[in-house]
Amino acid sequence: MQLELETRLAKAAHMRRQLMAASCALLGAAAARGQEARMAPADSGLLEDWSVDSALAYYHEDGRIQAIEPVVNIAKLFADGQALNFNVTFDSLTGSSPNGALTSRSAQTFASPSGKSAHAYTTAPGQLPVDPNYQDDRIAVGGTWALPVTRVDQLSVGAKLSDEHDFFSVTVDASIAHDFNEKNTTLSFGISEEFDSLQPIGGAPVPGSDYALFEKTGHKTKNGVGALLGVTQVITRNWLFEFNLSVDRFKGYLNDPYKITSIIDSAGNTTGYEFESRPDQRTRKSAYWENRVALGGQISTGLSLRYMRDDWGVRSDTAQLHLHWSFSNRDRYVEPTFRWYRQTAASFYTPFILSTEAPTTAYEASDSRLGAFHALTYGLKYAQKLPGLGGREESEFSVRVEYYQQTFNVRTATPAALQGLDLYPGLKAVLVQVGWRF
Amino acid sequence: MNFKQICIFCLLSSTAIAGGCVSLGVKPWQRDVMAREDMRLDANPLDAAIDDHMYFSKEASSGGRSFAGGGCGCN
């Protein structure tokens, strides 16, 4: 009798989930993005009617940085269609970070960014120079308010604050979305503005200055403005896509204040270093296309493609594919993911400066993130529905693992004395994440 | 293919899609598959945010899915 009652209750709960999902789908293509469709409708209690999405991520690079990142997102959908969303992210990073200098056959000694000799560190011959004292904590809070303006128009505004001991950022954005074609098509347009303040440890280096002279100034700023035009389209009962064009422009101090470039002679000996010098503005443009296709009742797939270019000479292509396979009456799923990425180098990227070349005031940076490389990501996620908490019908626990690998495409001629050294070691990283939402 | 060509291609495609909108899409009662959570474009927003943060700090590209700004001193 008890078993029969539990079975009937489980069926009723499942039917309620299905009806709620179907109702939300009637909101149209706009509901395909945003938190609305997953939110519990408002009824009673303080947090009873908020949906909570949380995750704890651990990121580990081979021999370099490791990070722990807890994230919490809470959201609420009101009866009149308004939606509120708040999130908090905390990052704690420790480990060793490449300082940009080139691997050498001799030992190399560097000062910490603060310039205190007590914090000097030495890199052994044949090893990639990394600052072993890297440590940073970041807290970011954000919120979004979406409100229907008419039956087919929705306005959304958001803000985000991010704070580190040497960096502070404020971002605001606003977008408007319009549904038509029986809500099968949604056009959206948004703008964003970002204000960043940099207060590097020991001061911001003068771009291109001699590392030994320690020419530093006070705090710096950079600002960015972006726009995004998008269309979301339901093609068939099983196929939905989104296409976005975006552009953003940043101005100000765009250097990494902790990155230096080695100066070497023709024999491959390091004779000095200078701070990197990037242009003080950058414009990026991108095209992004994402698809969702249902391949039957249990399986769906997502494919996204992105092309990006900027006026620093970087071009990149990204393709990401995932497969979502549900089973056990959709109470569990697994999701394998594969991502492929490649980028060309910025026009001023150089792994080192040859001292035999004429002095130049041109831009230069050895930051490997501006070099030419390709990267692969392999991921797997498992999620399990669990009984809900309090008045909630269900919760979901998930675990996700990703492996990320960067491989450099080297085209720079290297002095014979440096050949045989691993000058471009690439990067290998693992991400492990557990998630819980209710 | 440069960015201008891609934009022209996309514009033409969008025009074709918009022109064909009358025949694209489904009726409200045919949205059962679209109602599935796995068919949402942001089915896992925290996963996407954590991934985007990782890629933002290790690559020269960001954004596309949404605004490109990072709000992070890591790049």
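Residues numbered from 1 in each chain as written. Chains lettered and ligands numbered in written order. Predicted model: local features only at pLDDT ≥ 70, side-chain atom pairs only at ≥ 80, totals over all residues.

A. Seen up close, the pairing of strand 9 (residues 185–198) of chain A. Residue and element names in this part refer to chain A. Here strand 8 (residues 167–180) runs beside strand 9; their pairing, made up of 14 bridges, is antiparallel. For S175, the partnering residue across the bridge sits in strand 9 and is G190. The hairpin turn running from strand 8 into strand 9, its antiparallel successor, is 4 residues long, and N181 in that turn takes a positive phi close to 55°. Looking at chain direction, strand 9 and strand 12 (residues 220–236) are connected through 14 bridges and run antiparallel. Of the residues in strand 12, the one forming a bridge with D196 is K222. (Pairing = 2+ DSSP bridges. Helix = DSSP H or I, 4+ residues; strand = E, 2+ residues; numbered from the N terminus.)

B. How the structure looks around unusual backbone geometry. Residues and elements named next belong to chain A. Its identity is not glycine, yet F214 carries a phi of approximately 55°, on the positive side. Mapped onto the secondary structure, F214 falls in the loop between strand 10 (204–205) and strand 11 (216–217). A residue is classified by how many C-beta atoms lie within 10 Å of it, and F214, with 14 of them, is partly exposed. For R330, which is not glycine, the phi dihedral falls at a positive 65°. Positionally, R330 belongs in the loop between strand 18 (315–327) and strand 19 (332–343). Residue class for R330 comes out partly exposed when judged on the 16 C-beta atoms lying within 10 Å of it. (Buried ≥ 20, exposed ≤ 12 C-beta atoms within 10 Å, placed from the backbone.)

C. Structural context of the sheet that holds strand 20 (residues 353–354) of chain A. All names here are of chain A. On the basis of which strands lie adjacent, the open sheet formed by 3 strands has the order 15-14-20 and mixed pairing. In this open sheet, the two edge strands, each paired with only one partner strand, are strand 15 (270–275) and strand 20. Here strand 14 (residues 260–264) pairs with strand 20 via 2 bridges, running parallel. Considered in strand 20, the bridge of I264 is made with L354.

D. Local environment of the pairing of strand 8 of chain A. All names here are of chain A. Across 12 bridges, the pairing between strand 7 (residues 153–164) and strand 8 is antiparallel. Along strand 8, the bridge assignment pairs A159 with V172. The antiparallel pairing of strand 7 with strand 8 creates a hairpin that spans 2 residues between the two strands.

Any link to function would need more than the numbers given here.
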